[in-house]
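Coordinate inspection notes
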Amino acid sequence: VGALVPNGLKDASNSLDVVAGWLKAEPEANIGLVTGIAFDVIDIDGDDGMTSINQAAPWYGEPWDGGPTDNSTIDGPTSQTGRGWHVLIAPTGLGNRAGVLKHVDWRGRGGYIVAPPSLHANGHRYEWFPGWGPDDQEVRTAPSWLLAILRKPATFALPGALRPRPDEGSYGRAALAQEVGRVAIAPVGERNHTLNRAAF
């Protein structure tokens, strides 16, 4: 979030004139793309994220060899991020979900990603894999094993300080768990609002 888009994705525009004006004003600005409209994104954090996918996929009957050079069941336009990969997937209608798998997040309705040629805080440039950019590859449907994971209700373990005491009723435990869950999966740009609402 910066001076050009102080409200984050709420200030997004698909007007070429608007975007050209932004880039003229800030030629080095990072580029954000809203998800959930033309595509969703599986956000894989490096080798740890790839390991999680390879462990999960066979469980659902569709092993994934990983990487844009393999005949994988998750493929499509793929960019290298500052610490992993973004793979563009056909929109599912599902919202954002952090921790779909360990070191793997989902960006869907109401989310966004940083796109090439943006500069990551660690100094690495976002870039499309050669032959795997949006001009080279079509956005494909998510494999069934991934959709099964995304459609499962999220579960949360409460930190020790938030665990209900034995004398608290089942309503209190359920209400607390629900609010903690909402805060945990709140998308970027809505976290403060979600936390404030949960506190009330």
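A short tour of the structure in this document, coming up. Bear in mind that the values here come from a model prediction, so they are computed numbers and not experimental data. (Residues numbered from 1 in each chain as written. Predicted model: local features only at pLDDT ≥ 70, side-chain atom pairs only at ≥ 80, totals over all residues. Heavy atoms only, no water.)

Things to note about the overall build of the protein
Heads up, the condition is: Starting at the N terminus, helices and strands are each numbered in turn, a helix being any DSSP run of H or I of at least four residues and a strand any DSSP run of E of at least two. Exposure was quantified through the Shrake-Rupley algorithm and a 1.4 Å probe, taking into account, for residues, occlusion by the shown protein chains and nothing else.
For the protein, the count of helices and strands is five helices and eight strands. For the protein, the accessible area works out to roughly 12100 Å², and carbon and sulfur atoms hold 54% of it.

Some remarks on the side chain of Arg107
Using the following cut-off: Residue burial is assigned from relative accessible area. The probe radius is 1.4 Å, only protein chains are included, and a residue is buried under 20% of its type maximum, exposed over 50%, and partly exposed in between. When checking whether two residues touch, look at their non-hydrogen atoms; a contact exists if any pair is within 4.5 Å.
If you trace the backbone, Arg107 turns up in strand E6 (residues 104-107). Residue classification places Arg107 among the buried residues on the basis of a relative accessible area of 18%. Not counting the four nearest positions on each side in its chain, Arg107 is found in contact with Thr35, Asp40, Val41, Asp43, Asn96, Arg97, Tyr112 and Ile113.

Observations concerning the environment of Thr141
Residue placement: Thr141 occurs in the loop between strand E8 (127-128) and helix H3 (144-151). Taking the relative accessible area as the measure of exposure, Thr141 reaches 62% and is therefore exposed. Between the C-alpha atom of Thr141 and that of Leu88, which follows or precedes it by 53 residues, the distance is 9.4 Å. Ignoring anything within four residues of it in the chain, the contact list for Thr141 reads Ile89 and Ala90.

Notes on the layout of surface pockets
Stated formally: Site definitions follow a grid-based scheme: protein atoms alone, a 1 Å grid, a 1.4 Å probe that fits but cannot get out for cavities, and for pockets an open set with protein on both sides within 12 Å along at least five of seven lines, plus lining residues having an atom within 4 Å of a point. Grid points are joined across faces, edges and corners, and a volume is the space filled by probe spheres set on the points. Residue classes follow a fixed rule: Ala, Val, Leu, Ile, Met, Phe, Trp, Tyr, Cys and Pro count as nonpolar, while Asp, Glu, Lys and Arg count as charged, and any other residue, Gly among them, counts as polar.
Considering only enclosed or pocket space, the largest pocket measures out at about 880 Å³ in volume. Lining the largest pocket are 24 residues; nearest its centre among them are Trp22, Asn30, Ile31, Gly32 and Leu33. Secondary-structure elements contributing two or more residues to the lining of the largest pocket are helix H1 (16-25), strand E1 (31-34) and strand E7 (112-115). Residue composition of the lining of the largest pocket, grouped by class: 18 nonpolar, six polar and no charged.

Concerning the pairing of E6
Selection rule: DSSP calls a pair of strands paired once it identifies at least 2 bridges connecting them.
Here E6 shows two buried faces, one formed by Val104 and Trp106 and the other by Asp105 and Arg107. Note: strand E2 (residues 40-44) against E6, four bridges, orientation antiparallel. The residue bridging Ile44 from the neighbouring strand is Val104, located in E6. Pairing geometry for strand E5 (residues 97-101) and E6, over two bridges, is antiparallel. Considered in E6, the bridge of Leu101 is made with Val104. Linkage of E5 to E6, two consecutive antiparallel strands, is achieved through a turn of two residues, within which His103 is found at a positive phi near 70°.

Regarding the side chain of Ser118
To be explicit about the condition: Polar contacts here mean pairs of N or O atoms no more than 3.5 Å apart (in protein, one a potential hydrogen donor and the other a potential acceptor; neighbouring residues in sequence count only if both atoms are side-chain atoms).
Within the secondary structure, Ser118 sits in the loop between E7 and E8. Here Ile31 takes part through its backbone nitrogen, which lies 2.6 Å from a polar atom of the side chain of Ser118.

Notes on the nonpolar core
What counts is decided by this rule: Residue types Ala, Val, Leu, Ile, Met, Phe, Trp, Tyr and Cys, when buried and joined through side-chain atoms within 4.5 Å, form a set referred to as a nonpolar core.
Of all hydrophobic cores here, the largest spans 20 residues; its most connected members are Ile42, Leu101, Trp145 and Leu146. For this core, the secondary structure elements donating two or more residues are E2, helix H2 (46-56), strand E4 (85-89), E5, E6 and H3. Counting residues per element, this core draws most heavily on H3, at five residues. Filtering out sequence-adjacent residues up to four positions away, Leu101 remains in contact with Ser52, Ile53, Ala56, Trp145 and Ile149.

Some thoughts on the pattern of salt bridges
Selection criterion: Salt bridges are identified by distance alone: a Lys or Arg side-chain nitrogen within 4 Å of an Asp or Glu carboxyl oxygen.
All told, the structure shown has three salt bridges when counted by the stated rule. Measuring nitrogen to oxygen at the nearest pair gives 3.9 Å for the salt bridge that ties Glu28 to Arg125. Of this pair, Glu28 sits in the loop between H1 and E1 while Arg125 sits in the loop between E7 and E8, and the two are 97 residues apart along the sequence. As a salt-bridge pair, Asp45 and Arg83 come within 3.5 Å of each other at their nearest N and O atoms. A residue pair is termed long-range when its members are at least 10 positions apart, and Asp45 in the loop between E2 and H2 and Arg83 in the loop between strand E3 (78-80) and E4 qualify at 38 residues.

Topic: the sheet that holds E4
Using the following cut-off: Note on definitions: angles span 0 to 180 degrees between N-to-C directions of axes, and those axes are lines fitted to C-alpha atoms, for helices only across the stretch in contact.
The six strands lie next to each other as E5-E6-E2-E4-E3-E8, forming an open sheet whose pairing is antiparallel. The open sheet terminates on both sides in strands that have one partner only, identified here as E5 and E8. Against the sheet, H2 contacts E2, E4, E5 and E6, and its axis sits at roughly 110° relative to E2.

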